[in-house]
Amino acid sequence: MQNLRVAVDVGGTFTDICIMDEDTGLIRIEKTASTLDPIDGIMGGVAKAGIDLTKVALFSHGTTVATNALITRRLPRTAMVSTQGFRDVIEIRRANKEDLWDVYKDVVKPYIPRRDRLTVPERIDSAGKVVETLDEAKAREVARILKKRGVEAIAVCFMNAYLNGENERRMREILLEAMPDIPVSISSQVLPEIFEHERFSTTVVNAALSPVVVSYTTRLGDRLAAEGYTRDLLLLHTGGGVMTPASVKDFAARLAGSGIAAGAIASRHIAGLCGYPNSIGLDMGGTSTDVSLAYEGQSRVTKDWYIEFGYPIRFSSIEVLTIGAGGGSLAWTDDAGSLRNGPQSAGAFPGPACYGNGNPQPTNTDANVTLGRLGTSLAGGKVTLDPALARTAVEEGVAKGFKLSTEQAADAILRVANANMSDAVRLISISRGYDPRDFALVAFGGAGGLHGVAIARELSIPVVIVPPNPGVTSALGCLLVDMQHDFSENCMVDADVAEPIGIEAQFARIEREALDRLTHEGVAERDIVLQRTIDMMYRGQWRSLAVSTPSPIGSIADLVADFHREHHREYNFRRDDAPVSFFRVNVKAIGVVPKAELAVHAPTGVRPDPVARREVWFDNQAHDTPLYQRDDLPCGFTFAGPAIVEQVDSTTVVPPGATAAVDKYLNIIIRVKG
Amino acid sequence: MAGEQTLDPVTFEVLKNSFITSVDQMGEQILRTCYSFVIYNHDFSSGLHDAHGECAAQGNQDIAVHVGTLHFTCKDVMRAFEGDMHEGDVFAINDPYAGGTHFSDVRLVRPIFSEGKIIAFAQSNGHWSDVGGSVPGSFDVSAKDMFREGLRITPVRLFDKGVFRKDVANLIASNTRDPASIIGDIHAQAQATQVCEREILRLVGKYGRDTVETGLSEVQDYVERAVRQRIAALPDGEWETVDFIDRDPGGGEGMIPIRIKMTIKGDKAIYDFTGSHPVIGTIYNSAFGTTFSAVAAGMKTFFPDLPLNSGFYRSFEIIVPEGSIVDAKWPVAVTGFLMPFEKIMNSIYEMWSQLMPERALACAFNLEYLLTGGRDVRSDDKPIFMFYDWLPGGWGGRNGKDGANVTTACFGTGMMAQPVEGQERANPILTTEYEILQDSAGPGKWRGGVGVRKTSLMLAAEDAVISYICDRECAIVWGIEGGLPSSPHGLTLTRAGADHEERLGTIFSDVKIGEGDLFSRPTAGGGGFGDPLDRCPAHVLEDVIDDYVSVQRAAKDYGVVIRAIDVELCEYECDAIATQALRADIRQQRVAWARTDPEGVAARFRSGEIDALDAIRQHAVILDWGTGKLLPESTRQFRETFERRSVANWAAV
């Protein structure tokens, strides 16, 4: 009987394993140290958790293997073959910098050095016509040289190939004749979209990652199979779905941000169960915070993303904004006497001052300790916090300079930190036309519960949800996903001359491909859902806006009306008299994986006693505050702030004025204004 | 003098960051809704001003060239509409003689009211695709005054209490080549200023009007205090330099000097442009506003962490001679102000490199801007096309680090290069080459970054003309601390069927081109930093393997002897003994090379014995690169600076 679902989220420090019993809906968490070869950590964790892999129905996994390979450049030797005259597209990029003013801060080097970028004579024009056929003799010469160099992966990137992949396909044949076992990615297949740098960059990442992730998933799959797992290993991709190893070889770049999306998915799902289709996820850890947004049950998706600035990966990705603010962020005073917070962090070591590892500067954690919001131990006693060291750091680092009391200084540190995070949330919400008052904030990660209510108040978000296991919520996200692939193609035509029949045919063709891929991965046709969107813009604009589209697409007039409405929501103005253009058609193909239900608890009527009381400071006043153990809090329990809830992986602060209730999934739901 | 802070530290920090976020939100909005492809590629800026028009915050992603100009235009709008501003009003201005940049940069200014009183202004500035004038794109280098350049917009009301004044907007749009886009950009920019208004009013709701007003003023004091403290920590002293514009097209041979003397005294910096050339007979003149901006942007490079606002601008003073190239007055043509602008910026890099050696930087390549327009006959209705293009190039070598390769021009590092595929779709152009240009980098212990070359073929078009705005084919991008210059700019054209190329150079306007004509533009690399004979041979070897540097120039410029073993395997080796000998030999001779008779060098160039890079890097000689004719005055001027920047820093033999 296979009744277990297992999700593994491998992070830099910890490997989190989330085990769900389908029969009871109960979830169990195992946390183990990450290992040099992540697979050892996973298998070790599986053993430690006592999981019988023969009983596992679904094993899904978010991995940072691809992300790390890119950042460290520990990539297989990868070559690029491009159109003669265009050897340097991925090095010229868009030529812009991320930091506009620091001339000593450079954009990182491209993934393939110039020496391994070769060119061949060939050319397609802007109408998709072959104006120069591939010079096959030169192509063979390139293949011979690359073979001699022993390259392990190749990207073929030709100009205008998004319109016609003929020359690229021929080039691939020639390369494969010489090197049958080498993965060759061609831009017309990986991402048939206009703009050479974005397409080439995505193709290069795809080629370079292919050997990395194929080897990784094969090894992990083999280890799992050897221990009795009989199904497909499911890999979380950046788009927020999973795919099987069958797709990994051809679409390796989709795993470039695997793991980034898990928290966003978990946040969306939990908020949905609580009745909030609109939610903002705030995953706050030690050094950084990930912010995501779901609207009407859908995560916000972007194609504008990268692992490193300058090298776009143009696959749909769940939009996650990472900011350099976390529990370990340092508070400091700059040379003009202003109180600052982050982005520098004390990191895991030496960590906050109260860790006692020699860092004298105050961090957010030290401020929380000073105010009594954090106790004297973390992670179930694995880390001891020294309040005296925290106080000294706050006094020396902030209080003295600003002539504040220690508690006032700690409060100031946290208010600056919370305001910075609120600004980040504002960028992803208000500035995109979403009103935070319609949202719930899901606060998780080790430090989410400490700051959640303060940030929600700053943003006028009425409700904060703290999930049962805030520290491992991301792993839960890996359990809640469907199989998913994203397809897109340009469809550049003005709305006033567009023919619905042509667009419908384009959608139909893409959808056939989508069905094929999901079927190939073993998804039954009845479980497949296809979602269409069209990217549109006012003619002459440079950025497009995705608009959901019915199937079949219906009238052009309806699509245009939808676009005007969406433009108004997002940008607060519309131009009804201005002509509209189509830019791109997209299909999201979902293979629905039946979700196990999370366990539902009934109210017990039990009112647990606080395990202790202590003095906690809010708004520069000391409050005698009850301290609860999270495990003691039953469904239906309600309590008012001030209160502190402690658990192994996190601490939740319910400040004065707020009220909290434990719901049937054991989430703490906090109404911030009481 | 900067006032003391009265706000508590938390409120202050929160307001400071929220002001910047509110401006960044304007930037986000404009990027997503704009019509001008120039704006889309990041030629825009946004500002939040206090009730006096002073700049309280600029955005994180704003283009450098608008820095230090927004408060001038805000104040000009205030002057024009004093006592006549209302909620919902939005004004436009693009006047370079009132502190704007050039006519293409159109600013929309919205007063922000609280309880009936103006508490702030939001300003959105973007480069429109066209503002009329005699040539597509509104850059006519033959203009001597503004009447050929484009439409001058002195302060004008575009929205009246929230009502869009179609009549005024249409008048403006109708004077351009792209009216539909102009109306679109007016809406996009006006809406962006409303985003800022919404955020400021949110802050007023939370903190109160007085606190927000105090914050707008104290964030300026904060920046002023920080800059002054850092300047005060530097030694007092004087630094001087000169940089050049290639020529006055209306004058004789010889480069046009821009001189700057910088004085650091206590907590203030003073920049004196005395000795700079009078205005010249083309569009390469700078009005006071843009001269001010160039100084601010150059200096800001050495304070990368500080926010930008009027507090920064209060830390320095500028002295400009009346009627000089850095103080052009109406109606002198100024659309090409970026040419003097970049000279000023690089001069400031050079002087501050001596003050802050840990952030030293040699000269960057010069911006270049190509404008081609005509009718696209690929479709039957022969629409007007406008192919405007700008290329990245190399930045200067740094102290302990090579210069940045292929990066946008220093006037705005957020500016993006355009995708060829987009250009080919929109214009009858086929690009045949867009690659890094080998040997373009200025040699040095830390070489400059590499430039590129782009070559494009004109397809079927009618009435097509080409204009080019560039510089530094004479005032070659220079090295510092013994580093060498890089390479000359300049466009070459090969007519359909012709067997040779014509050199059109760096500045020309309205040249007819037709189907089958091929034009090619190199950009320079950055100048070198430090003596190239001190460059680690292993670094030269790596550059050869990646084809950044040729085997020949590795020997000539660096004295490093490299032999190919197996090119197919990228295997080369450096001959250490031969390198030592060659370096000793170059050391012996190079000072004499740099002082050798220029006419002789020109003759050897014409005979093909030496090339342009030899003439520049070994002999510091400036020629007409098309004919090989010596430019004696330019050479004299160039050699003067070469002696100071390069020769004087070479260790004695």
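These numbers were taken from a predicted model, which means no experiment stands behind them. (Residues numbered from 1 in each chain as written. Chains lettered and ligands numbered in written order. Predicted model: local features only at pLDDT ≥ 70, side-chain atom pairs only at ≥ 80, totals over all residues.)

**Describing the overall build of chain B**
Scanning chain B for helices and strands turns up 16 helices and 22 strands. Expected size for 653 residues packed as a compact globule is a radius of gyration near 26 Å; at 25 Å, chain B falls within 12% of this value. When contacts within chain B are restricted to residue pairs at least 6 apart in sequence, long-range pairs at least 24 apart make up 73% of them. (Helix = DSSP H or I, 4+ residues; strand = E, 2+ residues; numbered from the N terminus. Rg over C-alpha atoms; globule rule 2.2 N^0.38 Å. Contact = placed C-beta atoms within 7 Å.)

**Description of the overall build of chain A**
A tally of regular secondary structure across chain A gives 16 helices and 35 strands. Its C-alpha radius of gyration of 26 Å places chain A within 12% of the 26 Å reference for a compact globule of 674 residues. Taking all contacts inside chain A whose residues are at least 6 apart in sequence as the whole, residues at least 24 apart take part in 67%.

**Observations regarding the interface of chain B and chain A**
At the interface, 69 residues of chain B touch 56 residues of chain A. For the side of chain B that touches chain A, the secondary structure elements donating two or more residues are α1 (9–33), α2 (37–40), α5 (179–207), α6 (209–232), α10 (420–426) and β14 (429–436) of chain B. Within the side of chain B that touches chain A, the residues separate by chemical class into 31 nonpolar, 22 polar and 16 charged. (Nonpolar A, V, L, I, M, F, W, Y, C, P; charged D, E, K, R; others polar.)

**Here's the deal with helix α7 (residues 288–300) of chain B**
Residue and element names in this part refer to chain B. Taking 1.5 Å per residue, 13 residues should reach 18 Å; α7 reaches 18 Å between its end C-alpha atoms and fits that length. The element α7 is largely enclosed, with a buried count of 12 among its 13 residues. The set of residues buried in α7 consists of Gly289, Thr290, Thr291, Phe292, Ser293, Ala294, Val295, Ala296, Ala297, Gly298, Met299 and Lys300. Looking at the buried residues of α7, the elements they touch are α3 (70–80), β10 (268–272), α8 (310–313), β11 (316–319) and α9 (338–355). (Expected span 1.5 Å × (residues − 1). Buried ≥ 20, exposed ≤ 12 C-beta atoms within 10 Å, placed from the backbone.)

**What about the domain arrangement of chain B?**
Residue and element names in this part refer to chain B. By the assigned domains, chain B splits into domain 1 (9–226) and domain 2 (360–530). Spacing between the C-alpha centres of domain 1 and domain 2 amounts to 31 Å. Grouping the amino acids of the side of domain 1 that touches domain 2 by side-chain chemistry returns 7 nonpolar, 6 polar and 4 charged. (Domains from an automatic or database assignment.)

**Regarding the nonpolar core**
In terms of nonpolar packing, the biggest core is built from 402 residues, with Ile154(A), Leu209(A), Ile413(A) and Leu441(A) touching the most fellow members. Leave out the neighbours within four places in its chain, and Leu441(A) touches Ile280(A), Leu282(A), Gly452(A), Ile455(A), Ala456(A), Ile461(A) and Val464(A). (Core = buried A, V, L, I, M, F, W, Y, C linked by C-beta atoms within 7 Å.)

**Some details on the domain arrangement of chain A**
Residues and elements named next belong to chain A. Per the domain assignment, the segments making up chain A are domain 1 (4–69 + 214–255), domain 2 (72–211), domain 3 (264–288 + 324–426 + 437–481 + 595–674) and domain 4 (484–591). A straight line from the C-alpha centre of domain 1 to that of domain 2 covers 32 Å. Counting from both sides, the interface comprises 10 residues of domain 1 and, opposite them, 10 residues of domain 2. The set of elements that each furnish at least two residues to the side of domain 1 that touches domain 2 consists of α2 (65–72) and α7 (196–226).

**Considering the environment of Ile172(B)**
Residue and element names in this part refer to chain B. Assignment of secondary structure puts Ile172 in helix α4 (residues 166–174). Its 22 C-beta neighbours within 10 Å are what place Ile172 among the buried residues. Separated by 291 residues in sequence, Ile172 and Asp463 place their C-alpha atoms 25 Å apart.

**Things to note about the pairing of strand β23 (residues 440–444) of chain A**
Regular strands show a simple pattern: their side chains alternate between the two faces of the sheet. Residues and elements named next belong to chain A. Of all 5 residues making up β23, 5 are buried, and the element is well covered by its neighbours. The alternating pattern of β23 places Ala440, Val442 and Phe444 and Leu441 and Ala443 on opposite faces, both of which are buried. As judged from the 5 bridges shared by strand β13 (residues 279–284) and β23, these two strands associate in the parallel manner. In the strand pairing of β23, Ser279 is matched with Ala440. (Pairing = 2+ DSSP bridges.)

**Considerations on the environment of Ile186(B)**
Residue and element names in this part refer to chain B. When you line up the elements, Ile186 lands in helix α5. On the neighbour-count criterion, Ile186 (24 C-beta atoms within 10 Å) is buried. Ignoring any residue separated from it by four or fewer positions in sequence, one finds Ile186 in contact with Leu158 and Ala169.

**Structural notes on the environment of Asp246(B)**
Residues and elements named next belong to chain B. In this fold, Asp246 is placed in the loop between β8 (237–245) and β9 (256–265). For Asp246, a count of 27 C-beta atoms within 10 Å puts it in the buried group. Excluding its chain neighbours within four sequence positions, the residues that come into contact with Asp246 are Met255, Asp471, Arg472, Glu473, Cys474, Ala475 and Thr506.

**Re the sheet that holds strand β13 (residues 384–390) of chain B**
In any sheet, the strands associate via hydrogen bonds between backbone groups, in a parallel or an antiparallel arrangement. Residues and elements named next belong to chain B. Taken together, 4 strands build an open sheet; the order of strands is β13-β12-β16-β19 and the sheet is antiparallel. The sheet is open, and its two edges are formed by β13 and β19 (507–512), each paired on a single side. Within the sheet, the average angular offset between the axes of one strand and its neighbour, ignoring direction, is 10°. With 7 bridges joining them, strand β12 (residues 369–376) and strand β16 (residues 461–469) adopt antiparallel strand pairing. Across the sheet, the residue bridging to Gly373 is Val465, located in β16. (Axes fitted to C-alpha atoms, helices over the stretch in contact; angles between N-to-C directions.)

**What to know about the sheet that holds strand β20 (residues 518–522) of chain B**
Residue and element names in this part refer to chain B. Taken in spatial order, the 5 strands line up as β14-β15-β20-β17-β18 in an open sheet, and their pairing is antiparallel. Each end of this open sheet is capped by a strand with a single partner; those strands are β14 and β18 (502–505). For this sheet the average axis-to-axis angle between neighbouring strands, irrespective of direction, equals 20°.

**Side note on unusual backbone geometry**
In this structure, the amide linkage connecting Ser551(A) to the following residue, Pro552(A), adopts the cis form with an omega of -5°. Within the fold, Pro552(A) resides in the loop between β27 (545–549) and α16 (556–571). The omega angle of the peptide bond from Trp330(B) to Pro331(B) is 0°, so this bond is cis rather than trans. The phi torsion at Asp619(A) lies on the positive side, around 45°, for a residue other than glycine. With respect to the helices, strands and loops of the structure, Asp619(A) is situated in the loop between β29 (612–618) and β30 (621–629). Taking the number of C-beta atoms within 10 Å as the measure of exposure, Asp619(A) has 10 and is therefore exposed.

**Things to note about the packing of helix α4 (residues 136–149) of chain A against helix α5 (residues 166–178) of chain A**
All names here are of chain A. Two elements in contact, α4 and α5, have axes whose closest approach is 9 Å; the angle formed by their N-to-C orientations is 40°. Of the possible angle classes, the one that applies to α4 and α5 is oblique. With respect to the hand of their crossing, α4 and α5 are arranged in right-handed fashion. Judged by residue contacts, Glu136, Ala139, Arg140, Ala143, Arg144 and Lys147 of α4 engage Met171, Ile174, Leu175 and Ala178 from α5. For the contact of α4 with α5, a count of residues per class yields 6 nonpolar, no polar and 4 charged. (Parallel < 35°, antiparallel > 145°, perpendicular 65-115°, else oblique. Left-handed = near helix turned anticlockwise from the far one by under 90°.)

**Some words on the confidence of the model for chain B**
A residue-level look at chain B finds 100% of positions with pLDDT of 70 or above and a mean pLDDT of 95. Across the interfaces of the predicted complex, the ipTM metric reaches 0.95, alongside a pTM of 0.92. (pLDDT = per-residue confidence, 0-100.)

**A word on the packing of α1(B) against α6(B)**
All names here are of chain B. For the pair α1 and α6, the least separation of the axes is 9 Å and the interaxial angle reads 85°. If you check the angle between α1 and α6, you find them roughly perpendicular. Listed contacts from α6 to Thr11, Phe12, Leu15, Lys16 and Phe19 of α1 are Thr211, Val212, Gly215, Glu218, Val219 and Tyr222. Class assignment of the residues belonging to the contact of α1 with α6 gives a composition of 6 nonpolar, 3 polar and 2 charged.

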